[in-house]
Each structure stands twice: as structure tokens, then as C-alpha cells.
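A structural walkthrough
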Amino acid sequence: MKRLTTLITSAAVVVGPMAVAATAQAAPDDARKPAAYTVTAKVNIQEMDLGEGVVKVRGKVTPRAAGKRVFLEQRGAGLRKWTVTGRATIKRNGTYLFTDEPSAYGTHQYRVVKLRSNGVRKGTSPVVAVRVYEWQKLAQRPRGAFENIAVSSTAIVGGQTYLYSFQPFTRGAVSYVEYPLKGLCTDLRTTYSMHDSAAVGSSSRITLSVDGVTKVDQTLVKGQVVPSTTDLTGALTLRYDLFSNVEPVSYPAVLVPEVRCTR
């Protein structure tokens, strides 16, 4: 009787693991979801001027999928829709490379997509962005408050004409203009001078304020030409005030002011 009990116990020990193995083998293979592709992405530059550089988007796909395609998608800031703008083949080491030459200023967002293949789900890279700036004539941007000023006029200095310059309509009267920048611009470049019609011996003055802080306070005499640049990083508003005289007639001019902006 004791020998029979021992045999039964031994059989139970053997059958237990076999039953577990059989149960595990019976589980369907498709219950395990395949892993998704991991796609990395980085750009070679964070900001650039329009037409003066090439954006390179490079990264790696894991697991490797040599010979398969990845797609570059792009959208503008504030937009929801992505547009495919490039296709590339994954190299043997899993890397890829895209190049892009932005045709418009603004913030360009990029991401790279590897579609499902070989039982591995689709993967999408994090979004990377490049700010593309353009030098724009300040006179062509939307302006705010203004009085007694022409901002798209032609100034004549030293016999040379300068389009899109700022000048007062009536000499001796208050003359100013404001421009909202909304933090989208980084730099201002221009030249301060007096129109050729100013009288010999006359003087005038030009001030530039950025967010209420005076950045330029330039006194001018006829024949004087003063190139100037001003940092506008983060600025919300700029304002020009032009001070002129009736006698002897003075005629201050801001020659073709330009700003570097993303929008």
C-alpha cells in the first residue's frame, strides 16, 4: 500500500509541469502585440535666414529596417495637418537623412514616420522645429498708431533715392509711428539721415523706442549719414518719433528700415 501511494505521488509531480507547458503552448501567438518602431530625429540648425541654408533632418530607426522607407512630414506653426515632403531609404545601420530648403519664413516643424512592416507597428519621431527668418521692409508690415508720417515714401539723400523710408509730412509738427512686433522679430537695420531738401545749418532728431525703452536718440545735421542696428529679440512694439523744424527747415529720414522676423 505504501509503494502504491509513492507511485501516485511521483506521477503527480511529473504531470504538473507538463500540464503547465501544454497550457502555455495553447495561448495564441497573436495575443502578443508586436513592438512599434522607435524613430529618432534631430536637425542641424535651430534658426536660419530664408534662402541662406539647408535644413538636415537625420536620425535612426529601431529595430533596423534596412532598405525600407521613411517619410518626412512637415507643417507650419499653428497648423494641425502634416504634409509628406520627403522620402528616404533606411541605411544598413538603421540611419536616414533628409534635406529641406524652406521656401517661406516662419517656424517649420518636422517629424519622421516609419510605417508598419515585418510585424512591427508604425513609429513616429518626436517633432523638431526650425525658425526661418526673413528680412522685411518695416513699412510693409502692419502698423499701429501714427501721426504726420509717411512710411512708404522716397527719401533723397546725397542725390540717391531710398524707397520705403520714413519722413514727416509737415515739418515742425508731431511725427511718430508704432509697429506691433509680437516677439516675432530679432533685429532692425536702417540708416538715419536728413533729406537733401533740408536747409544748410538745420538739425533734426530721431528716437527709437522698443517696448517703451529708448534705444536710439540720434541728432542729425544735413549731410550726416548714420547706419544703425538694434536688437529686437522678444520685443512687442517699436516706435519712431521724428523731430523736425520749420525754420531753418529740417527733414529727418529713416532710410529703408528693415526687420528680421519669422512672421
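See the structure shown above.
Every chain begins its residue count from 1, and numbering advances along the sequence as written. Where local features are concerned, this predicted model is filtered to residues with pLDDT of at least 70; where side-chain atom pairs are given and counted, the filter is 80 or more; whole-chain, interface and lining totals use all residues. Excluded from the side-chain calculation are hydrogens and water; included are all heavy atoms of the structure.

What about the state of the cysteines?
Disulfides are defined as pairs of cysteine sulfur atoms found within 2.5 Å of each other. Counted by the stated rule, this structure contains one disulfide. Here Cys185 is linked by a disulfide to Cys261, with a sulfur-sulfur distance of 1.9 Å. The sign of the 95 degrees torsion about the S-S bond sets the Cys185-Cys261 disulfide as right-handed. Separated by 76 residues along the polypeptide, Cys185 in strand 15 (residues 185-194) and Cys261 in strand 20 (residues 252-261) bring together distant segments of the chain. Comparing Cys185 with Cys261 shows no difference in burial state: the two are buried. Secondary structure elements follow DSSP: runs of H or I of four or more residues count as helices, runs of E of two or more count as strands, with numbering from the N terminus. The cut-offs for exposure are 20% and 50% of the maximum accessible area for each residue type, with area from a 1.4 Å probe on protein chains only; residues under the lower value are buried, those over the upper are exposed, and the others partly exposed.

Things to note about the pairing of strand 17 (residues 213-221)
Consecutive side chains of a regular strand alternate in pointing toward one face of the sheet and then the other. Strands were regarded as paired on the criterion that DSSP finds at least two bridges between them. In this sheet, strand 17 lies alongside strand 16 (residues 203-210) in antiparallel orientation, the contact comprising eight bridges. Looking across to strand 17, one finds that Ser203 is bridged to Val221. Taking the residues between adjacent antiparallel strands as the criterion, strand 16 and strand 17 are bridged by two residues, where Asp211 takes a positive phi near 50 degrees.

Quick look at the environment of Val157
With respect to the helices and strands, the residue Val157 is situated in strand 12 (residues 149-157). A sequence separation of 98 residues divides Val157 from Leu255, and the C-alpha atoms of the two residues are 9.1 Å apart. With residues up to four places along the chain from it excluded, the contact list for Val157 reads Tyr162, Ser193, Met194, His195, Asp196, Val225 and Leu255. In this description, contact between two residues means that some pair of their heavy atoms is separated by no more than 4.5 Å.

A short note on the pairing of strand 14 (residues 176-180)
As paired strands, strand 11 (residues 146-147) and strand 14 are joined by two bridges and run antiparallel to one another. Looking at strand 14, one finds that Glu147 is bridged to Tyr176. Alignment of strand 14 against strand 19 (residues 237-243), held across five bridges, turns out to be antiparallel. Within strand 19, the residue paired with Tyr179 across the bridge is Leu238.

Some details on the sheet that holds strand 11
Ordered by their spatial adjacency, five strands build an open sheet running 11-14-19-16-17, and the pairing between neighbours is antiparallel. The open sheet has two edge strands with one neighbour each: strand 11 and strand 17.

Details of the nonpolar core
Phe166, Tyr192, Leu208, Leu232, Leu238 and Tyr240 are the most contacted members of the largest nonpolar core, which has 28 residues in total. Broken down by secondary-structure element, the contributors of at least two residues to this core are strand 12, strand 14, strand 15, strand 16, strand 17, strand 19 and strand 20. The leading source of residues in this core is strand 15, at four residues. Residue contacts for Leu238: discarding those within four places in its chain leaves Leu138, Val177, Glu178, Tyr179, Leu181, Leu208, Ser209, Val210 and Leu232. The set of buried Ala, Val, Leu, Ile, Met, Phe, Trp, Tyr and Cys residues whose side-chain atoms join them within 4.5 Å is what this entry labels a nonpolar core.

Observations concerning the side chain of Asp49
Considering the arrangement of structural elements, one finds Asp49 in strand 3 (residues 47-49). By the criterion applied in these results, polar contacts are pairs of N or O atoms within 3.5 Å in which, for protein atoms, one can donate a hydrogen and the other can accept it, and in which residues neighboring in sequence qualify only through two side-chain atoms. Side chain to side chain, Asp49 and Arg260 meet in a polar contact 2.6 Å long. Dropping the residues within four chain positions of it, Asp49 is found in contact with Val132, Tyr133, Trp135 and Arg260.

Topic: the packing of aromatic side chains
The rule is short: rings of Phe, Tyr and Trp, with Trp giving its six-membered ring, pair when the centres are within 6.5 Å, and they are stacked under 30 degrees, edge-to-face over 60, tilted in between. If you walk through the whole model with that rule in mind, you get four aromatic pairs. Taking the centre distance of 5.9 Å and the plane angle of 90 degrees together, the rings of Phe166 and Tyr240 count as edge-to-face. In this pair, Phe166 is assigned in strand 13 (residues 160-168) and Tyr240 in strand 19, connecting sequence segments 74 residues apart. Joined through ring pairs, the aromatic side chains of Phe166, Tyr179, Tyr192 and Tyr240 make up one cluster. Charge-over-ring contacts are defined here by two conditions on Lys NZ or Arg CZ: a distance within 6 Å of the ring centre and an angle within 35 degrees of the ring normal. Over the ring of Tyr251 we find Arg171; its NZ or CZ atom is 4.2 Å from the centre of that ring.

Looking at a positive patch on the surface
Each patch is assembled from residues with relative accessible area greater than 30% and no salt bridge, linking like charges that lie within 9 Å and nonpolar side chains (Val, Leu, Ile, Met, Phe, Trp, Tyr) that lie within 5 Å. Using a 1.4 Å probe, the Shrake-Rupley method yields the accessible areas, and only the shown protein chains count as cover for residues. The rule for a salt bridge is simple: a side-chain nitrogen of Lys or Arg has to be within 4 Å of a carboxyl oxygen of Asp or Glu. When charges are counted, neither His nor the chain ends are considered; positive counts come from Lys and Arg and negative counts from Asp and Glu. Charge positions are represented by NZ for Lys, CZ for Arg, CG for Asp and CD for Glu. A contiguous patch of positive charge, built from Lys42, Lys56, Arg58 and Lys91, is present on the exposed surface. Topologically, Lys91 is positioned in the loop between strand 6 (83-89) and strand 7 (95-100). Lys91 sits in the partly exposed class, given a relative accessible area of 48%.

A few points about the pattern of salt bridges
Two side chains carrying opposite charge are able to pair once their charged atoms lie near each other. Summed over the entire model, instances satisfying the criterion amount to eight salt bridges. Notably, a salt bridge pairs Arg260 with Asp49, separated by 2.6 Å at the nearest N-O pair. One end of the pair, Arg260, is in strand 20; the other, Asp49, is in strand 3, with 211 residues separating them in the sequence. A relative accessible area of 17% means that Asp49 is categorised as buried. Note that Glu258 and Arg189 form a salt bridge whose closest N and O atoms lie 2.8 Å from each other. Highlighted residues: Glu258 in strand 20 and Arg189 in strand 15, separated in sequence by 69 residues.

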